[in-house]
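Overview (structure and organization)
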Amino acid sequence: MKQTIMQFVFVLLASSLTQRPLISPAQSSLPWYEPFDYSVGNIVGQGGWTQTGAWNVSPVQIQAASLNYPGLPASLGQKVLLGNGTNFQDVGRDIVGQTVGTVYASFLLQVQNPGNTTGDYFFHVSSAGSAAQDFRARVMVRQASAGQFQIGLSNNTGDTPVWTSASFPTGIPHLVVAAYELNTDVGDDVARVWLTPPLGHILPPPPDLSLPVLNDLTTLGRVGLRQGSGNTSLTLLVDELRV
């Protein structure tokens, strides 16, 4: 789905203004709008969300009420609560596999507690299936100062993450856009992140973060929400996912 970031945002917003797209139990076609309009409680078993990997401590939760953001349509459904701790559950949702072009994902993020200054990632894309481990475009959060956080980006275990120079306030929703560019040569894919990009622009602004992938995905077929263990005070709310 190759398009500019703002075209991407507004195409998906238009679809969300009408109704929630019908999706199959196994995977979602693109564009896909996920308002997390499910029963409060465990997300696994609702809307095609499945556990990623074997860890199942502290299951990912649907929490009542939505996040909203100025300039976007009123949110639907509920939101997701993510924590961070030893063997905490990770979840994902398969999408129709993409092998070329740029796949964008936007979501609302509210950092309740940014945890430590090392940080950890909570969102990623990967190949399809609950056993996938090739997590790329890893969006991270760390504490910058009291009541402030920074967004980071990494692609592989052992990477040195890149971080935003600016910091952002906790306790309020922010719009995040992540992109994964699938290119034809080996080792030339690129991940990018924008935080609170301006709405209403035809051309995308430069990304806040950009990082070569090196270990490319052959097919991007899953989006994931992660509860890691490297930042055990980290608490986040995620809503209004669009891919």
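None of the values given here were measured: they were computed from a predicted structure.

1. Here's the deal with empty space enclosed by the protein
- Taken as a whole and judged by the stated rule, the model has two cavities of 30 Å³ or more.
- The space that makes up the second largest cavity amounts to roughly 40 Å³.
- Around the second largest cavity, the lining residues are Val-103, Tyr-104, Ala-105, Phe-123, Val-125, Ala-137, Ala-178, Ala-179, Tyr-180, Val-223 and Val-243.
- Grouping the constituent residues of the lining of the second largest cavity by class yields 11 nonpolar, no polar and no charged.

2. Brief notes about the layout of surface pockets
- Roughly 210 Å³ of internal volume is contained in the largest pocket.
- Thr-52, Gly-53, Trp-55, Asp-90 and Phe-135 are the residues nearest the centre of the largest pocket, which is lined by 14 residues in total.
- Its residues placed into classes, the lining of the largest pocket shows six nonpolar, six polar and two charged.

3. Quick word on the side chain of Arg-222
- Inspection of the secondary structure puts Arg-222 in strand S16 (residues 220-225).
- A polar atom in the side chain of Arg-222 sits 3.5 Å from the backbone oxygen of Gly-92.
- In terms of polar contacts, Arg-222 uses its side chain to reach the side chain of Asp-94, at 2.8 Å.

4. Examining the nonpolar core
- In this structure, Leu-109, Phe-122 and Phe-123 are the most contacted members of the largest nonpolar core, which totals 45 residues.
- Counting residues per element, this core draws most heavily on strand S7 (residues 101-113), at five residues.
- When neighbours within four sequence positions are excluded, Leu-109 is seen to be in contact with Leu-67, Phe-122, Val-141, Phe-149, Ile-151, Ile-172, Pro-173, His-174, Val-176, Leu-236, Leu-237 and Val-238.
- In this structure, Tyr-69, Leu-72, Leu-175 and Leu-237 belong to the second largest nonpolar core, which totals six residues.

5. Regarding the pairing of strand S6 (residues 90-98)
- Among the nine residues of S6, seven are classified as buried, and the element is accordingly described as predominantly covered.
- Sheet topology places strand S3 (residues 50-52) next to S6; three bridges connect them, and they run antiparallel. Following the sheet pairing, Thr-52 is matched in S6 by Asp-90.
- For S6 and S16, the ladder comprises five bridges, and the chain directions are antiparallel. Of the residues in S16, the one forming a bridge with Val-91 is Leu-225.

6. Quick look at the pattern of salt bridges
- Counted by the stated rule, this structure contains four salt bridges.
- A salt bridge links Asp-120 to Arg-226; the nearest nitrogen and oxygen atoms lie 2.7 Å apart. Of this pair, Asp-120 sits in strand S8 (residues 120-126) while Arg-226 is found in the loop between S16 and strand S17 (235-242), placing the two residues 106 residues apart along the sequence.
- Accessibility expressed as a relative area gives 8% for Asp-120, which makes it buried.
- For Arg-226, a relative accessible area of 15% corresponds to the buried category.
- Here Arg-192 ties to Glu-181 by a salt bridge, and the two come within 2.6 Å at their closest N and O atoms. Here the residue Arg-192 occupies a position in strand S14 (residues 190-195), and Glu-181 occupies one in strand S13 (residues 174-182), the gap between them amounting to 11 residues.

The rules behind the values
- Residues numbered from 1 in each chain as written.
- Predicted model: local features only at pLDDT ≥ 70, side-chain atom pairs only at ≥ 80, totals over all residues.
- Heavy atoms only, no water.
- 1 Å grid on protein atoms, 1.4 Å probe; cavity = no way out; pocket = protein on both sides within 12 Å on 5 of 7 lines; lining within 4 Å.
- Points joined across faces, edges and corners; volume = space filled by probe spheres on them.
- Nonpolar A, V, L, I, M, F, W, Y, C, P; charged D, E, K, R; others polar.
- Helix = DSSP H or I, 4+ residues; strand = E, 2+ residues; numbered from the N terminus.
- Polar contact = N/O pair within 3.5 Å; in protein donor to acceptor, adjacent residues only side chain to side chain.
- Core = buried A, V, L, I, M, F, W, Y, C linked by side-chain atoms within 4.5 Å.
- Buried < 20%, exposed > 50% of the residue type's maximum accessible area, 1.4 Å probe, protein only.
- Contact = heavy atoms within 4.5 Å.
- Pairing = 2+ DSSP bridges.
- Salt bridge = Lys/Arg side-chain N within 4 Å of Asp/Glu carboxyl O.

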